[in-house]
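Tertiary structure, described
In case you want the letters, here they are:
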Amino acid sequence: MEGRDGTVRWNFREAEASDTAAAQAAYRQIVDHLAVTVDFPHWHTENRPSEAEVQEWIEAGELYLTLDQAGGRIAGVVVLNHAAPDAYLHAPWALEVPPEQILVVHALAVSPDFLRQGVARFLVEASLDVAREKGCRSVRLDTYVENIAARELYTRCGFTDLGVHTLHYEGTDLNQFHLFERGL
């Protein structure tokens with residue numbers, strides 16, 4: 001992503017094993033920040049994502065990082081894969097697409113030091129690029145009903161809000177989420 005002066009500000013890449021500690025620390029910093037601000041996704045109250053989840057995502061090749069080109073610090077994180085909750089099977093998606101052609105976005109977040117710098121939008125756009133590279137025809141995601149900022153971001157990025165649906169995630173009592181879809 002280019003800054004106002006035309007320089008590239010962000011690098012986007014798949015996380016490597018050597019990134020594990022830094023990625024875990026980035027998510028921890030994000031969760032701690034949510035604890036003292038407004039925790040729209042309820043990550044603090046749910047204590048998620050865990051260090052074990054982050055490590056699993058890296059080992060599976062599913063965690064992607066946005067790095068500040070100037071200092072190499074993690075500006076944002078996102079998980080991209082084909083895994084979706086069971087409720088996705090019954091949702092009124094606009095596109096009928098086989099699972100291998102659907103990229104699902106999970107745990108997208110911006111590090112506190114990089115808020116309000118366009119990182120979230122960059123993460124979404126980079127995720128769409130990954131979907132295209134993988135031959136996907138649809139990108140889908142969900143966000144907790146109280147996460148208004150995320151809902152607005154996805155709408156600005158061209159996703160269709162399919163309304164509130166009941167989803168069940170292991171380890172949480174939260175179950176009301178907006179589903180979003182964008183065709184490619």
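Going by the structure above, here's the rest.
Let me sum up the structure you'll find in this document.

The subject of this paragraph is the overall build of the protein. Scanning the protein from terminus to terminus reveals five helices and seven strands. From first element to last, N terminus to C terminus, the protein shows the α and β order β-α-α-α-β-β-β-α-β-α-β-β. Within the protein, the proportion of its 184 residues that are buried is 46%. Taken as a whole, the protein presents about 9600 Å² of accessible surface, with 49% of it coming from carbon and sulfur.

Pairing within the open sheet is mixed, and its seven strands lie in the order β1-β2-β3-β4-β5-β7-β6. Both outer strands of the open sheet, β1 (10-14) and β6 (160-166), are each paired with one neighbouring strand and no more. Taken pair by pair, the neighbouring strands of this sheet meet at an average axis angle of 25°, ignoring direction. Alignment of β6 against strand β7 (residues 176-183), held across five bridges, turns out to be antiparallel. Each bridged residue has a counterpart across the sheet, and for aspartate 161 the counterpart in β7 is phenylalanine 180.

Before going further, it helps to examine the layout of surface pockets. Taken as a whole, the second largest pocket encloses approximately 230 Å³ of empty space. Along the wall of the second largest pocket there are 13 residues; nearest its centre are Tyr88, Leu89, Pro99, Ile102 and Arg140. Of the residues that constitute the lining of the second largest pocket, the class distribution is 10 nonpolar, one polar and two charged.

We now examine unusual backbone geometry. One non-glycine residue, alanine 107, lies in the positive phi region at around 50°. Here alanine 107 is to be found in strand β4 (residues 102-110). Although it is not a glycine, arginine 116 sits at a positive phi angle of roughly 60°. Mapped onto the elements of the fold, arginine 116 is located in the loop between β4 and α4 (119-133). Residue classification places arginine 116 among the exposed residues on the basis of a relative accessible area of 87%.

Applying the stated rule across the entire model yields eight aromatic pairs. An angle of 70° between the planes, with centres 5.6 Å apart, marks the rings of tyrosine 144 and phenylalanine 177 as edge-to-face. Residue tyrosine 144 is located in strand β5 (residues 138-144), and its partner phenylalanine 177 is located in strand β7; the two are separated by 33 residues in the primary sequence. As far as burial versus exposure is concerned, tyrosine 144 and phenylalanine 177 are alike and both buried. The interplanar angle of 65° and the centroid separation of 5.8 Å between the aromatic rings of tyrosine 154 and phenylalanine 159 together place this pair among those described as edge-to-face. Of the two residues examined, tyrosine 154 and phenylalanine 159, each falls in the buried class. Grouped by ring-pair contacts, the aromatic residues Phe12, Tyr64 and Phe122 constitute a single cluster.

Here we take up the pattern of salt bridges. Side chains carrying opposite charge are able to pair once their charged atoms draw close together. Tallied over the entire structure, the rule returns six salt bridges. Across the pair aspartate 32 and arginine 28 runs a salt bridge whose closest N-O atoms are separated by 3.2 Å. Remark: arginine 28 and aspartate 32 occur in helix α1 (residues 20-36); sequence separation between them is four residues, near one turn of the helix. Residue class for aspartate 32 comes out partly exposed when judged on its relative accessible area of 40%. The partner of arginine 132 in a salt bridge is aspartate 129, with the nearest N and O atoms 3.0 Å apart. Taken as a pair, arginine 132 and aspartate 129 lie in helix α4 at a separation of three residues, close to a single helical turn.

About the cut-offs
- Residues numbered from 1 in each chain as written.
- Predicted model: local features only at pLDDT ≥ 70, side-chain atom pairs only at ≥ 80, totals over all residues.
- Heavy atoms only, no water.
- Helix = DSSP H or I, 4+ residues; strand = E, 2+ residues; numbered from the N terminus.
- Buried < 20%, exposed > 50% of the residue type's maximum accessible area, 1.4 Å probe, protein only.
- Areas by Shrake-Rupley, 256 points an atom, 1.4 Å probe, with all protein chains shown as cover.
- Pairing = 2+ DSSP bridges.
- Axes fitted to C-alpha atoms, helices over the stretch in contact; angles between N-to-C directions.
- 1 Å grid on protein atoms, 1.4 Å probe; cavity = no way out; pocket = protein on both sides within 12 Å on 5 of 7 lines; lining within 4 Å.
- Points joined across faces, edges and corners; volume = space filled by probe spheres on them.
- Nonpolar A, V, L, I, M, F, W, Y, C, P; charged D, E, K, R; others polar.
- Phe/Tyr/Trp six-rings, centres within 6.5 Å; stacked < 30°, edge-to-face > 60°.
- Salt bridge = Lys/Arg side-chain N within 4 Å of Asp/Glu carboxyl O.

Spatial relationships are all this shows, so hold off on functional conclusions.
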